[in-house]
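Next come the chains, spelled out residue by residue.
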Amino acid sequence: MAVVLLRLRLAIQRSGRGSWSSTRGVIIIGMWLLAVGAGVATGALVAFLLWLDGDGAAALAVLTVIFLGWLLMPLITPALQDQTVDPARLEMYPLTAREKVSGLLLGGLVAPTATGTLLAALGAVFAPGIGWGARALALVGAVVFTVMCVAWSRALQAMLSRATASRRGRDVALMASGLLGVGFYVGIQILTRNPEALVNGVSDSVVAVLLAWTPPGASLQMALDLDAGDAVVALGRAAYALAWVIAAIALWVWVLARKERGGLQSPARRRRSPRAGTRLALTGGLLRLSPKSPGGAAAAQYARYLFFRKPRAAQQTLTSLGIGGFLAHSLGVDASFALAGAMLGGLVAVSLSTGLLNYDGAGAEFSVISGAPMRAVLVGKAVVVATIALAALVVFVAVEAALGFLEVDVVGALICGAAAALWATAVGAAVSVIAPYDADKKSDGRTVAAFWHLGAILLVFTTIGIAAGVIWAVGGLGLGLVIALGALAASIAASWPVVAWAARRLDAHQLRVTQLILAG
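Residues numbered from 1 in each chain as written. Predicted model: local features only at pLDDT ≥ 70, side-chain atom pairs only at ≥ 80, totals over all residues. Heavy atoms only, no water.

## Some remarks on the overall build of the protein
Filter applied, for reference: Numbered from the N terminus, helices here are DSSP runs of H or I no shorter than four residues, and strands are runs of E no shorter than two. Each residue is assigned to one of three classes by its accessible area relative to the maximum for its type, calculated with a 1.4 Å probe on protein chains only: buried under 20%, partly exposed between the two thresholds, exposed over 50%. Two residues qualify as a contact provided that any one of their heavy atoms is within 4.5 Å of a heavy atom in the partner residue. For the area figures, the Shrake-Rupley method with a 1.4 Å probe applies, and any residue is considered shielded solely by the protein chains shown.
Scanning the protein from N- to C-terminus turns up 21 helices and zero strands. The buried share among the 520 residues of the protein stands at 43%. Sequence-distant contacts, at least 24 apart, represent 78% of the contacts inside the protein between residues at least 6 apart. Approximately 26,800 Å² of the protein is accessible, and the part contributed by carbon and sulfur atoms is 70%.

Below, the structure is given as structure tokens:
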């Protein structure tokens, strides 16, 4: 049965029709080539570190980082993970939990990420200066390490799929992923500003001992122990590593078995508030203070999509904020924080505004039937995106100032970021009307929209580049702030006509846009 599930997974990977099939094939081949290249390079690094460092602390740190990546990726980017491990999707198959786990584990091992992980761990086999017995045990340890990574990642992913079945669980998972992203960002900044702390910490003997007894470290350290003549200790580490693999598989089976028995579900009965059902507000939070209008209701709806009500939308929000923060910091340190603010505001706004209509689904048809003014609906959603981008910009500037990177460029970063955010929101709103699709479906509409999204990104960043060139050219004249204010005024003057055109187009072609969304 495990072989049958493995063949089913491979058949799904090869499925596809038309031009999408060829595009998908190119993407899969590219992923395999990238994974193999990265795995070989990391394996060479492991071999070099083992030759350079006698106790292997640095090599153990490399494998530990890889293992942590496998553990954290399902939580940080749940929307990008393979949904074949979702217990809800496996209910259609008349299989036991053990059969599902065995088949999915084999399928997970036949993947680019697992292949790259195996090649990285195989670096210990080719490390110079170790005996043949240690090399053979290192080969076994590489296989154990790869299975360990896949098993623990998939077990955690299965647990998350059950936890996010409820609204509260989904909120907690998304908040945790955001906190992990912020923590990772802060950690990277600390290490880049003080890299010698990382080197000294890894080389410390206590840290090396601790790494050797971590699950990934034990899979490598057992070969080093055998090479040093400690066969008993090597056998104990091998049993320790295998125990972690067995624990991951047992946890995975338990999660799927609990699902089959009806466990891990939110309670069917919930206590109702005495006021439940007495009122239904179209807007929530601070939007309740605004006048009741279709635009306000659309803004509240889209804000709920982006935060905790649509997993894909919420993941898109967190991803754009995280990537934008990383890139903006690097750009600010190397170039200018005014340009960094523009890049952050433009990236966040264009990422979120190109999908203003993509999360409505069947609700798009209901909006048309209700006779809601689509102009106000589009403008309300665009305002939400601009607000998020501006809030992210303020937080970014405050964090960078607290870290000591900003001195007198705070105003320039805020002004340039606001100008880029407004222009990117307008461009994204136009693209969302020209090429709408349903984000919950997979169809050719995504392929068409991808080209429009790419064009929007190129247009936004080309505009930012031109504005940055003008500001840099006149920087010596002491007119940087004046030019930045002029860029903001030009952005407002150019953005409003674009948004107005998109709103008129949506209002005039409501049925066509709705058909495109319903078709996927």
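So that's the structure; there's more coming.
## Section: the confidence of the model for the protein
Selection rule: On a scale of 0 to 100, pLDDT captures the predictor's confidence in every residue.
Looking at the protein as a whole, the pLDDT averages 75, with 67% of positions reaching at least 70. Per-element confidence in the protein ranges from a low mean pLDDT of 54 for helix α9 (residues 195-203) to a high of 90 for helix α6 (residues 112-121). Low pLDDT (under 50) marks residues 16-20, which in the prediction has three contacts with non-local residues, meaning those over four places away or in another chain. This model gives residues 263-280 a pLDDT under 50, and the stretch forms eight contacts once residues within four places in sequence are excluded.

## Some points on helix α15 (residues 337-353)
Along an α-helix, residues three or four apart share an orientation, since each turn contains 3.6 residues. Threshold: To estimate the expected span of a helix, count its residues, drop one, and scale the result by 1.5 Å.
Taking 1.5 Å as the rise per residue, α15 with 17 residues should run 24 Å; its terminal C-alpha atoms sit 24 Å apart, in good agreement. Burial analysis of α15 places 15 of its 17 residues in the buried class, the great majority of the element.

## Quick look at the environment of Ala-120
Within the element layout of this structure, Ala-120 appears in helix α6. For Ala-120, the residues in contact, after removing those within four places along its chain, are Gly-39, Thr-42, Gly-43, Val-46 and Ile-66.

## Describing helix α5 (residues 97-109)
Counted at 1.5 Å a residue, the expected span for α5 with its 13 residues is 18 Å, and the 18 Å between its end C-alpha atoms agrees. Residues Ala-97, Lys-100, Val-101, Gly-103, Leu-104, Leu-105, Gly-107 and Gly-108 constitute the buried set of α5.

## Quick look at the environment of Ser-351
Just so we agree on the cut-off: Nitrogen and oxygen atoms within 3.5 Å of one another constitute a polar contact, given that in protein one can donate a hydrogen and the other can accept it, and given that sequence-neighbouring residues count only through two side-chain atoms.
With respect to the helices and strands, Ser-351 occurs in helix α15. In the structure, Ser-351 is positioned 35 residues away from Gln-316 in sequence and 7.7 Å away in space, judged by C-alpha atoms. The contacts of Ser-351, once residues within four sequence positions are left out, are Gln-316 and Ser-320. Reaching out from Ser-351, the side chain makes a polar contact with the backbone oxygen of Leu-347 at a distance of 2.7 Å.

## Looking at the side chain of Thr-317
Note on placement: Thr-317 falls in helix α14 (residues 311-334). A relative accessible area of 1% means that Thr-317 is categorised as buried. If near-sequence neighbours (up to four positions away) are discounted, Thr-317 is found in contact with Leu-306, Phe-307 and Leu-352.

## Overview of the packing of α15 against helix α18 (residues 410-434)
Rules: Angles run from 0 to 180 degrees between N-to-C directions of axes, and those axes are lines fitted to C-alpha atoms, restricted for helices to the stretch in contact. Should an angle fall under 35 degrees it is taken as roughly parallel, and over 145 as roughly antiparallel, whereas 65 to 115 is taken as roughly perpendicular and any remaining angle as oblique. By convention the crossing between two helices is left-handed if the near helix lies anticlockwise of the far one by an angle smaller than a right angle, and right-handed if it lies clockwise. All amino acids are sorted into three groups, where Ala, Val, Leu, Ile, Met, Phe, Trp, Tyr, Cys and Pro are nonpolar, Asp, Glu, Lys and Arg are charged, and the leftover types, Gly among them, are polar.
The geometry of α15 relative to α18 is characterised by a closest axis approach of 7 Å and an angle of 25 degrees between their N-to-C directions. The orientation of α15 relative to α18 falls into the category roughly parallel. Considering the relative orientation of α15 and α18, their crossing is right-handed. From α15, Phe-337, Ala-338, Gly-341, Ala-342, Gly-345, Gly-346, Ala-349, Val-350 and Ser-353 reach across to α18, where they touch Gly-412, Ala-413, Cys-416, Gly-417, Ala-420, Ala-421, Ala-424, Thr-425, Gly-428, Ala-429 and Ser-432. Residue composition of the contact of α15 with α18, grouped by class: 11 nonpolar, nine polar and no charged.

## As for a nonpolar patch on the surface
What counts, and what does not: For patch building, the residue pool is restricted to those with more than 30% relative accessible area and no salt bridge; the joining distance is 9 Å between like charges and 5 Å between nonpolar side chains (Val, Leu, Ile, Met, Phe, Trp, Tyr). By convention in these notes, a salt bridge is any Lys or Arg side-chain nitrogen within 4 Å of a carboxyl oxygen on Asp or Glu.
Taken together, the side chains of Leu-45, Phe-48, Trp-51 and Leu-52 define a hydrophobic patch exposed on the protein surface, amounting to about 440 Å² of accessible area. Mapping Trp-51 onto the fold places it in helix α2 (residues 18-52). For Trp-51, a relative accessible area of 53% gives the class exposed.

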